[in-house]
Amino acid sequence: MEFRALFRLATGLMAAICLALPAQAFETEAGAAYVYDHNTGTVLLAKNADTPLPPASMSKLMTLYMFFEALRNVESMTLETRFDVSERAMSMGGSSMFLTTTDRPTAEELIRGIVVQSGNDATVVVAEGLAGSESAFARLMNERAEMLGMTQSNFVNASGWPHPEHRMSLRDLGILTTRLIEDFPEFYTYFAEEEFEYDGRVPSNHFNRNPLLGLGVGADGLKTGHTEEAGYGLVGSAVQGDRRVTFVITGLADRNARSEESQRILNWAFRQFVARDIVEAGTVVAEADVWLGADARVGLVAGESREILVPAVAQERVEGEAVFDTPVEAPIEKGQRLGELILRPEGLPETRIPLVADRNVARGGFLDRVQLAARLLATRLSERAGDAL
């Protein structure tokens, strides 16, 4: 039989009155948006986040991810490794490093050219240098994306150049961003660079287009994107205090709209929510009856400590529900999963924490089973007597 116990968990000192005000919902002008809190793994906003959309230059993040993997795993490749520039790479339009076939840029220069200058030519150089051709590299991109859990992405090229089959969902871009930050801390710092000039050349696009860099909001990446079909977009990330927030937006009308919406999202994400240690591992949450055990009951404790986000205006308590089957048949081992604790902060996705047995409960002997049977018989007789009344 499934049992559900409703209760409130205090996130700090117990308040005399529990505020019930939800976090203010965020309405974005972006056609699609995705906002993610890294510390707690909470999705704060998802608008059309699972729809495959044209990612424009934001898909260069996948090219960079694979480039970083190669730099880490290929023994003969370093940041000083030089790459050839083909006629095809040199002829790429749009944002560019202005490479020529006489150039031999290093891996580090290509990274900076992609991040800061959004060089389409640089992505082709990387693709051809790693896979022989851009089409072969795109196939590798698709294979790696699937392994990363990016289920709504399809790559046709390395640059994000417009193509009807080149698509990414914003959730996939969020997944990719998290992996870039967590998997490659030694390379992630490149995303915060505000200016880069290759070989002393000063093209018009030698400044990073990320509108958040240098504003003092903790922004340290990642990549803008723009095509006529996609509109203006940004994959951004920022750290304030000990919290990191990542967001992806697309479909904005112009650069000003992209900049303003990015700042609005960061302000909302950092100011509307606070992180709280909601429960510690080993905290007793409930008790369950034991069937045929040496003990009649077993404690259910939180299987892990958990920090969650709660609305800043209603952070004293969080509604919770313990769900478990009862009675639990003995024998029971300490740490055995018996149920789960479901937390539901106002205006945020629910959080589930495993509930485990707080101790071993051996199977009862003959006398224990007789006593249990007697208790059950007495309970049933009492229930029938109550029904008769």
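Residues numbered from 1 in each chain as written. Predicted model: local features only at pLDDT ≥ 70, side-chain atom pairs only at ≥ 80, totals over all residues. Heavy atoms only, no water.

Asker: Please explain the overall build of the protein as it appears in this structure.
Answerer: Assigned secondary structure in the protein consists of 9 helices and 14 strands. Partitioning the intrachain contacts of the protein with sequence separation of at least 6 by distance along the chain shows that 66% fall at a separation of at least 24. By element, 50% of the accessible surface of the protein is carried by carbon and sulfur atoms, the whole surface being about 18400 Å². (Helix = DSSP H or I, 4+ residues; strand = E, 2+ residues; numbered from the N terminus. Contact = heavy atoms within 4.5 Å. Areas by Shrake-Rupley, 256 points an atom, 1.4 Å probe, with all protein chains shown as cover.)

Asker: Before we go on, may I ask you to explain helix 4 (residues 120-131) in this structure?
Answerer: Residue pairs three or four apart in sequence face the same way in an α-helix, which turns once every 3.6 residues. The terminal C-alpha atoms of helix 4 lie 17 Å apart, and with 12 residues this matches the ideal 16 Å at 1.5 Å per residue to within 8%. Among the 12 residues in helix 4, 9 count as buried, and that is most of the element. Within the sequence span of helix 4, burial applies to Asn120, Asp121, Ala122, Thr123, Val124, Val125, Val126, Ala127 and Glu128. On its buried side, helix 4 packs onto helix 1 (60-73), helix 2 (87-90), helix 3 (107-115) and helix 5 (134-147). With its phi angle positive at about 95 degrees, Gly132 sits one or two positions after the end of helix 4. (Expected span 1.5 Å × (residues − 1). Buried < 20%, exposed > 50% of the residue type's maximum accessible area, 1.4 Å probe, protein only.)

Asker: Help me understand the side chain of Asn210, please; the structure alone is not making it clear to me.
Answerer: Note on placement: Asn210 falls in the loop between helix 7 (185-188) and strand 4 (219-227). One polar contact links the side chain of Asn210 to the main-chain amide nitrogen of Leu212, over a distance of 3.0 Å. The residues touching Asn210, leaving out its near neighbours within four places in the chain, are Gly221, Leu222, Thr224 and Leu234. (Polar contact = N/O pair within 3.5 Å; in protein donor to acceptor, adjacent residues only side chain to side chain.)

Asker: How should helix 3 be read in this particular structure?
Answerer: If you check which residues of helix 3 are buried, you get Ala107, Leu110, Ile111, Gly113, Ile114 and Val115. Contact partners of the buried residues in helix 3: helix 1, helix 4 and strand 4.

Asker: What is the right way to look at the side chain of His38 in this model?
Answerer: Secondary-structure assignment places His38 in the loop between strand 2 (32-37) and strand 3 (42-47). Of note is the side chain of His38, whose polar atom sits 2.6 Å from the side chain of Thr246. Not counting residues within four places of it along the chain, the set of residues in contact with His38 comprises Thr178, Ile181, Glu182, Arg244, Val245 and Thr246.

Asker: How should the environment of Met90 be read in this particular structure?
Answerer: Along the chain, Met90 falls in helix 2. For Met90, a relative accessible area of 34% puts it in the partly exposed group. For the pair Met90 and Asp121, spaced 31 residues apart in the sequence, the C-alpha separation amounts to 5.9 Å. Residue contacts for Met90: discarding those within four places in its chain leaves Val85, Leu99, Thr100 and Thr101.

Asker: Any chance you could explain the pairing of strand 6 (residues 243-252) here in plain terms?
Answerer: Across a regular strand the side chains alternate sides, sitting on one face of the sheet and then on the other. Among the 10 residues in strand 6, 9 count as buried, and that is most of the element. The pairing of strand 2 with strand 6 spans 6 bridges and is classified as antiparallel. Across the sheet, Tyr36 pairs through a bridge with Thr246, a residue of strand 6. Hairpin connection of strand 5 (residues 231-240) to strand 6: 2 residues between the antiparallel strands, including Gly241 at a positive phi of 65 degrees. (Pairing = 2+ DSSP bridges.)

Asker: Can you help me understand unusual backbone geometry in this one?
Answerer: When glycine is set aside, most residues are seen to have a negative phi, and most peptide bonds are trans. Following Gly221, the chain continues to Leu222 via a peptide bond in cis, the omega torsion being 15 degrees. Backbone torsion omega between Thr326 and Pro327 reads 0 degrees, so that peptide bond is classified as cis. If you trace the backbone, Pro327 turns up in the loop between strand 11 (317-325) and strand 12 (328-329). Unusually for a residue other than glycine, Leu292 sits at a positive phi of about 60 degrees. Structurally, Leu292 can be placed in the loop between strand 8 (284-291) and strand 9 (297-302).

Asker: Quick question: what am I supposed to make of the packing of aromatic side chains here?
Answerer: The relative placement of two aromatic rings is captured by the distance of their centres and the angle of their planes. Taken as a whole and assessed by the stated rule, the structure comprises 10 aromatic pairs. An aromatic cluster is built from Tyr65, Phe68, Phe184, Phe187, Tyr188 and Phe191, whose rings are joined through pairwise contacts. (Phe/Tyr/Trp six-rings, centres within 6.5 Å; stacked < 30°, edge-to-face > 60°.)

Asker: Where do I start with the pattern of salt bridges in this structure?
Answerer: Side-chain pairs of opposite charge can arise whenever the charged atoms involved come near each other. Applying the stated criterion across every chain, the model contains 22 salt bridges. Its salt-bridge partner being Asp50, residue Arg171 comes within 2.6 Å of it at the nearest N-O pair. Note that Arg171 is positioned in helix 6 (residues 170-183) and Asp50 in the loop between strand 3 and helix 1, a separation of 121 residues in sequence. According to the relative accessible area criterion, Arg171 is partly exposed, its value standing at 25%. (Salt bridge = Lys/Arg side-chain N within 4 Å of Asp/Glu carboxyl O.)

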